[in-house]
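# Examining the three-dimensional arrangement
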Amino acid sequence: MKHRTAFAAALLVLASAPAALAQDGHVNHAAHGHAHAAFASDRIHVAVEGQGPDVIFIPGLSSSPAVWQGTVDHLNGAYRVHRVHVQGFAGAPAKGNASGPVAAPVAEEIARYIREQGLNKPAVVGHSMGGTMGMMLAARHPDLVGKLMVVDMVPFMGAMFGPPGTTAEGVAPVADQIFTAQSTAPRDQYLTQAKAAVTGMINTEAARAGPLQDTETSDQQVSAAAFRELIVTDLRPELSKITAPVEVLYVKFNDPRMTDAITDTIYQMSFATLPGAQLKRIDDSAHFIMLDQPQAFYSDLDAFLTK
């Protein structure tokens, strides 16, 4: 189908440079008034600030939790914000993520964090790969999540790397080829491709400096492994286990052959096993909605958190 081919082309741009999903740069923790939670993990560390209902923000592939800084500033201390930083991304040492899957074990660590920190059904907001982790968390630990917002992510990205009916097993050889190409590419070549891809993922030129910095400071092996995992992870059969309210914000796919209607259809089909999910397209934005359309994002987030 033509729209599948178009989306696959768009995703292959991502595949060529997963670190380009890096997000808005590093910040001085003390200057922004947050501290790291007392939580021992070799997969994540978590920055906490504010008071009130708990909200967990999970950034995407190769990204810094600073992508949420504008969002945190907007919330203005009305919530207790927990920003997850995945080891191996955006300057954090790889540690436990140095080999093997990343998203699934990180989702389990976030579940452990919620339990050990005594959080009562927090809201969870995840962008891109962070959305995948959010879906894993809500489906596999439905008792822990109060509500879930997924920002620009489908439950089975691998569907777009093959013909209709593609399965996780069927797309695995493609995922393996992409992983090999990414993990073995010379660093300068890898970074050149990643930086080129950032341009298509963030329309707002002034917001690109942070993502470029995070690209340079992310671990290439961790990013490659995480991207492979995304391709072969099909969460559609698990979505029905989610009991929390779910909202999905998305944008039109970055391909001239894609239309709003085709994008809407792909998202409706992708989340068909979770009929209660609220799907909303945000126009005039690339992948990083919180950077390209912050006011629209904040408005939706406010409504989502206060429902």
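Residues numbered from 1 in each chain as written. Predicted model: local features only at pLDDT ≥ 70, side-chain atom pairs only at ≥ 80, totals over all residues. Heavy atoms only, no water.

The subject of this paragraph is the overall build of the chain. In terms of helices and strands, the chain carries 11 helices and eight strands. By the burial criterion, 58% of the 307 residues in the chain qualify as buried. Taking all contacts inside the chain whose residues are at least 6 apart in sequence as the whole, residues at least 24 apart take part in 80%. Summing over all exposed atoms, the chain offers an accessible surface of approximately 11,800 Å²; the carbon and sulfur share of this is 54%. (Helix = DSSP H or I, 4+ residues; strand = E, 2+ residues; numbered from the N terminus. Buried < 20%, exposed > 50% of the residue type's maximum accessible area, 1.4 Å probe, protein only. Contact = heavy atoms within 4.5 Å. Areas by Shrake-Rupley, 256 points an atom, 1.4 Å probe, with all protein chains shown as cover.)

What follows concerns helix α5 (residues 168–184). Between its first and last C-alpha atoms α5 spans 23 Å; for 17 residues at 1.5 Å apiece the expected length is 24 Å, and the two agree. Along α5, the largest kink reaches about 30 degrees and is centred on V174. Taken residue by residue, α5 has A168, V171, A172, A175, I178, Q182 and S183 as its buried positions. (Expected span 1.5 Å × (residues − 1). Bend = angle between axes of the 7 residues up to and from the residue.)

For the rest of this paragraph, the subject is the sheet that holds strand β7 (residues 246–250). Reading across from one edge, β1-β2-β4-β3-β5-β6-β7-β8 is the order of the eight strands in this open sheet, with mixed pairing throughout. A single partner strand is all that each edge strand has here, and the edge strands are β1 (35–36) and β8 (278–281). Each of β2 (44–49), β3 (54–58) and β4 (80–86) is contacted by helix α3 (residues 103–116), which is oriented at about 45 degrees to β2, the strand it contacts most. The sheet contacts of helix α4 (residues 129–140) involve β3, β4, β5 (123–127) and β6 (147–151), and relative to β5 the element is tilted by about 145 degrees. (Pairing = 2+ DSSP bridges. Axes fitted to C-alpha atoms, helices over the stretch in contact; angles between N-to-C directions.)

A separate point is the packing of aromatic side chains. On inspection of all chains with the given rule, the structure shows seven aromatic pairs. Centroid distance F57 to W68: 5.0 Å. Interplanar angle 40 degrees. Geometry classified as tilted. Of this pair, F57 sits in strand β3 while W68 is found in the loop between β3 and α2 (69–75), placing the two residues 11 residues apart along the sequence. Each of the two residues, F57 as well as W68, counts as buried. Relative to F297, the ring of W68 has its centre 6.1 Å away and its plane inclined at 35 degrees; by these criteria the two rings are tilted. Taken together, the positions of W68 in the loop between β3 and α2 and F297 in helix α11 (residues 294–306) put the pair 229 residues apart, joining distant regions of the chain. Per residue, the accessibility class of W68 equals that of F297, and both read buried. Site record: aromatic cluster; members linked through ring pairs are F57, W68, F297 and Y298. A cation over an aromatic ring shows up here: K147 above the ring of F304, its NZ or CZ 5.6 Å from the ring centre. (Phe/Tyr/Trp six-rings, centres within 6.5 Å; stacked < 30°, edge-to-face > 60°. Lys NZ or Arg CZ within 6 Å of the ring centre and 35° of its normal.)

Right, let's talk about the pattern of salt bridges for a bit. One pass over the structure, following the stated rule, counts 13 salt bridges. The partner of K280 in a salt bridge is D300, and the shortest N-O contact between them spans 3.0 Å. Of this pair, K280 sits in strand β8 while D300 sits in helix α11; the two residues are 20 residues apart in sequence, bridging distant segments of the chain. Note on K280: relative accessible area 36%, which makes it partly exposed. With a shortest N-O distance of 2.8 Å, R281 and D283 are connected by a salt bridge. Here D283 falls in the partly exposed class, since its relative accessible area comes to 38%. What emerges from the salt-bridge pattern is a single network uniting D260, D264, R281 and D283. (Salt bridge = Lys/Arg side-chain N within 4 Å of Asp/Glu carboxyl O.)

Moving on to the pairing of β6. Burial within β6 is extensive, with five of its five residues counted as buried. The alternating pattern of β6 places K147, M149 and V151 and L148 and V150 on opposite faces, both of which are buried. Two strands pair when backbone bridges link them, and β5 and β6 are joined in this way by five bridges, in the parallel orientation. Along β6, the bridge assignment pairs H127 with V151. Read as a crossover between parallel neighbours, the route from β5 over α4 to β6 is right-handed. Pairing between β6 and β7: four bridges, direction parallel. Paired with M149 across the two strands is E247, which belongs to β7. (Right-handed = clockwise from strand over helix to strand, strands pointing away.)

Next up on the list: the side chain of T215. Summarising the element assignment, T215 is placed in helix α7 (residues 209–217). Here T215 falls in the buried class, since its relative accessible area comes to 0%. Engagement of the side chain of T215 in a polar contact is seen with the backbone oxygen of P211, the distance being 2.8 Å. (Polar contact = N/O pair within 3.5 Å; in protein donor to acceptor, adjacent residues only side chain to side chain.)

Of note in the backbone geometry, N76 takes a positive phi value of approximately 55 degrees without being a glycine. Phi at K121 takes a positive value of approximately 45 degrees, unusual for a residue other than glycine. Following the sequence through the fold, K121 ends up in the loop between α3 and β5. We classify K121 as partly exposed; its relative accessible area is 43%.

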